[in-house]
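For reference, the chains in residue letters:
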Amino acid sequence: MFSFGTRNVGIDLGTANTLVYIEGKGIVLREPTVVARNKETNQVVAVGAVAKDMLGRTPGSIKAIRPMRDGVIADYDTTVEMLKHYLGTALAGHGGKPYVTIGVPSGVTAVEKRAVIDAARVAGAKDAYVIEEPYAAAVGAGLPVMEPTGSMVVDMGGGTTDVATISLGGIVSSRSIRMAGDRLDEAVSTYIRQKYSVLIGEQTAERLKIEIGSADIEVAKEMPSSNIRGRDLVTGLPKTIEVTAVDVATAMRDVIADIVTAIKETLEETSPEIAADIIDHGIVLTGGGALLKHIDTTISEQTKVPVFVASDPLEAVAVGTGEALKSIEVLKNNY
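Residues numbered from 1 in each chain as written. Predicted model: local features only at pLDDT ≥ 70, side-chain atom pairs only at ≥ 80, totals over all residues. Heavy atoms only, no water.

1. Concerning the overall build of the protein chain
Note the threshold: Secondary structure follows DSSP: runs of H or I at least 4 residues long count as helices, runs of E at least 2 residues long count as strands, and numbering of each begins at the N terminus. All radius of gyration figures rest on C-alpha atoms, and the globule criterion is 2.2 Å times the number of residues raised to 0.38. Three labels apply to residues, based on accessible area from a 1.4 Å probe with only protein chains included: buried if under 20% of the type maximum, exposed if over 50%, partly exposed otherwise in between. Only the protein chains shown count as cover for residues, with accessible areas throughout obtained via the Shrake-Rupley method and a probe of 1.4 Å.
Across its full length, the protein chain holds 12 helices and 18 strands. The C-alpha atoms of the protein chain give 20 Å as radius of gyration, which agrees with the globular expectation for 335 residues (20 Å, within 12%). Based on the C-alpha atoms only, the size of the protein chain along its principal axes is roughly 65 × 60 × 30 Å. Put simply, the protein chain has 335 residues, and 51% of those count as buried. Accessible surface computed for the protein chain: about 14700 Å², of which carbon and sulfur atoms make up 50%.

Next comes the structure, spelled out in structure tokens:
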């Protein structure tokens, strides 16, 4: 298709993590979407995992930034610097400028899409194209998107949850809500502050969600608790507290309810034929949120539809953007 020097690249530019897929090689990079800058010189100090470790721990001269918020670019210049770094790392020694396909939430505006395309071009892409994340996720999860049968995917990322029904190569109905991993972390942090008067950082909240978080409060009653450290809001001193799985499940309940509502609303918009296909084949979950304990059974119980987690939910969107590169000529004709 193109020379080795212009190897095509697919990017899942997520709020929490960025994955890079190279044609013929698969996923070659997976790093947190975090950049650390020196506030005095504006120089980039660290990118990815190293920068994420700095969150909440930086001195006054350094600021750790998450340049993506709610699935879209919140800090354009920092996003460009991050993309330059990741493209340079992924394509080290290959030379040439690649064609790049980037996944974006289904609810983004034309201006937000243009910002992503421009950022990729400035970062070194020969040209850039966007593909809606739920469609990319469905492709990456191996769903029969080109066939005349309905499929449903729920991509639960860091900034957005994208819900879509797909048939014959297109999205039939969709919802994109800014209720996802970040909001779950915020909910946990807020709950701990209100119940225990202890302030915890976003990384601690995320760790609680991953280790003892559950979408099912009843099941959470049988799960272990976890000791965490934070700052006592009364004394101002460090404090260790024990947080139960029920605490975490209760904290996340409202956000999960909003996600389930979006799924129900999307199902209500589908035709009877596609609804019948979805009942037969089920709903497929992708993204980091799909790894939340008991989220599949909770959604299934409330929608009365079978729910399955994709075999590799974290990589589905990135793989889907990579598969889209096989139709790069079609993408080029759409712009």
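2. Things to note about the packing of aromatic side chains
Aromatic ring pairs are reported here in terms of the distance separating the ring centres and the angle at which the planes meet. Definition in use: A pair of aromatic rings is counted whenever rings of Phe, Tyr or Trp (Trp by its six-membered ring) have centres within 6.5 Å, and the orientation is called stacked for planes under 30 degrees apart, edge-to-face for over 60 and tilted otherwise.
Here the structure, examined in full by the defined rule, presents 1 aromatic pair. On the basis of an interplanar angle of 15 degrees and a centroid distance of 6.5 Å, the ring pair of Tyr99 and Tyr129 is categorised as stacked. Taken together, the residues span a long stretch of sequence, with Tyr99 in strand β9 (residues 99-104) and Tyr129 in strand β10 (residues 127-132) at a distance of 30 residues. You can call Tyr129 buried: its relative accessible area is 3%.

3. Here's the deal with helix α11 (residues 316-324)
Where burial is concerned, most of α11 is hidden: 7 out of the 9 residues are buried. Burial in α11 covers these residues: Ala316, Val317, Ala318, Gly320, Thr321, Gly322 and Ala324.

4. Remarks on the pairing of strand β17 (residues 283-286)
Which entries qualify depends on this criterion: Here the rule is simple: two strands pair whenever DSSP picks up at least two bridges between them.
Burial along β17 is two-sided: the face carrying Ile283 and Leu285 and the face carrying Val284 and Thr286 are both buried. Pairing geometry for strand β11 (residues 151-156) and β17, over 4 bridges, is parallel. Across the sheet, Asp155 pairs through a bridge with Thr286, a residue of β17. Bridge analysis of β17 against strand β18 (residues 307-309) gives 3 bridges, and the strand direction is parallel. Following the sheet pairing, Ile283 is matched in β18 by Val307.

5. What to know about the pattern of salt bridges
Definition in use: Throughout this description, the term salt bridge denotes a Lys or Arg side-chain nitrogen within 4 Å of a carboxyl oxygen of Asp or Glu.
A complete count under the given rule lists 16 salt bridges for this structure. Residues Asp127 and Arg121 are paired through a salt bridge, measuring 2.7 Å at the closest nitrogen-oxygen approach. When its relative accessible area of 34% is taken as the criterion, Arg121 is described as partly exposed. Note that Lys239 and Asp232 form a salt bridge whose closest N and O atoms lie 3.5 Å from each other. For Asp232, a relative accessible area of 10% corresponds to the buried category. One network of salt bridges, in which partners are shared, links Arg66, Arg69, Asp182 and Glu202.

6. Describing the domain arrangement of the protein chain
Often the size quoted for an interface is simply the accessible area lost on bringing the parts together. So the rule is basically this: Here the bounds of each domain stem from an automatic or database domain assignment. Buried area is calculated as the accessible area (1.4 Å probe) missing from two parts once they are joined, with the contributions of both summed. Residue polarity is assigned by list, with Asp, Glu, Lys and Arg as charged and Ala, Val, Leu, Ile, Met, Phe, Trp, Tyr, Cys and Pro as nonpolar; anything else, Gly included, falls into the polar class.
Splitting the protein chain by domain gives domain 1 (8-135 + 316-334), domain 2 (141-179 + 257-311) and domain 3 (181-251). One C-alpha centre belongs to domain 2, the other to domain 3, and the line joining them spans 28 Å. Counting the surface lost from both domain 2 and domain 3, the interface buries some 940 Å², and carbon and sulfur atoms represent 56% of this. Contact with domain 3 buries surface across domain 2, with Leu292, Lys293 and His294 losing the most and accounting together for 50% of the total. Counting every contact that joins domain 2 to domain 3 gives 0 salt bridges. Classifying every residue of the side of domain 2 that touches domain 3 by side-chain character gives 3 nonpolar, 5 polar and 2 charged.

7. Notes on the nonpolar core
For clarity, the cut-off: Here, nonpolar core refers to any group of buried Ala, Val, Leu, Ile, Met, Phe, Trp, Tyr and Cys residues whose side-chain atoms link them within 4.5 Å. Working rule for contacts: check all heavy atoms of both residues, and any pair within 4.5 Å makes them a contact.
Residues Ile263 and Ile283 are the most contacted members of the largest nonpolar core, which totals 43 residues. The dominant element in this core, judged by the number of residues it contributes, is helix α8 (residues 245-268), at 12 residues. Residue contacts for Ile263: discarding those within four places in its chain leaves Met152, Val154, Val163, Ile283, Ile299 and Thr303.

8. Comments concerning helix α5 (residues 181-196)
We apply this condition: By definition here, a helix of n residues has an expected span of 1.5 Å times n minus one.
Helix length check: α5 (16 residues) gives 22 Å between terminal C-alpha atoms against 22 Å at 1.5 Å per residue, within 8%. All of the buried residues in α5 are Gly181, Asp182, Leu184, Asp185, Ala187, Val188, Ser189 and Ile192. Residues of α5 that are buried sit in contact with β7 (68-69), β14 (198-199), α6 (202-212), β15 (226-232), β16 (238-243) and α8. Immediately downstream of α5, the backbone of Ser197 shows phi near 55 degrees, a positive value.

9. A closer look at the environment of Leu87
Mapped onto the secondary structure, Leu87 falls in helix α2 (residues 76-90). The buried category is assigned to Leu87, whose relative accessible area is 6%. Residues Leu87 and Val154, 67 residues apart in the sequence, show an inter-C-alpha distance of 28 Å. Those residues in contact with Leu87 that lie beyond four places of it in its chain are Val9, Ile11, Val100 and Ala123.

10. Comments concerning the sheet that holds β14
The strand order β14-β15-β16 describes an open sheet built from 3 strands, whose pairing is antiparallel. Lying at the two open borders of the sheet, with one neighbouring strand each, are β14 and β16. Here β14 runs beside β15; their pairing, made up of 2 bridges, is antiparallel. Looking at β15, one finds that Leu199 is bridged to Arg231.

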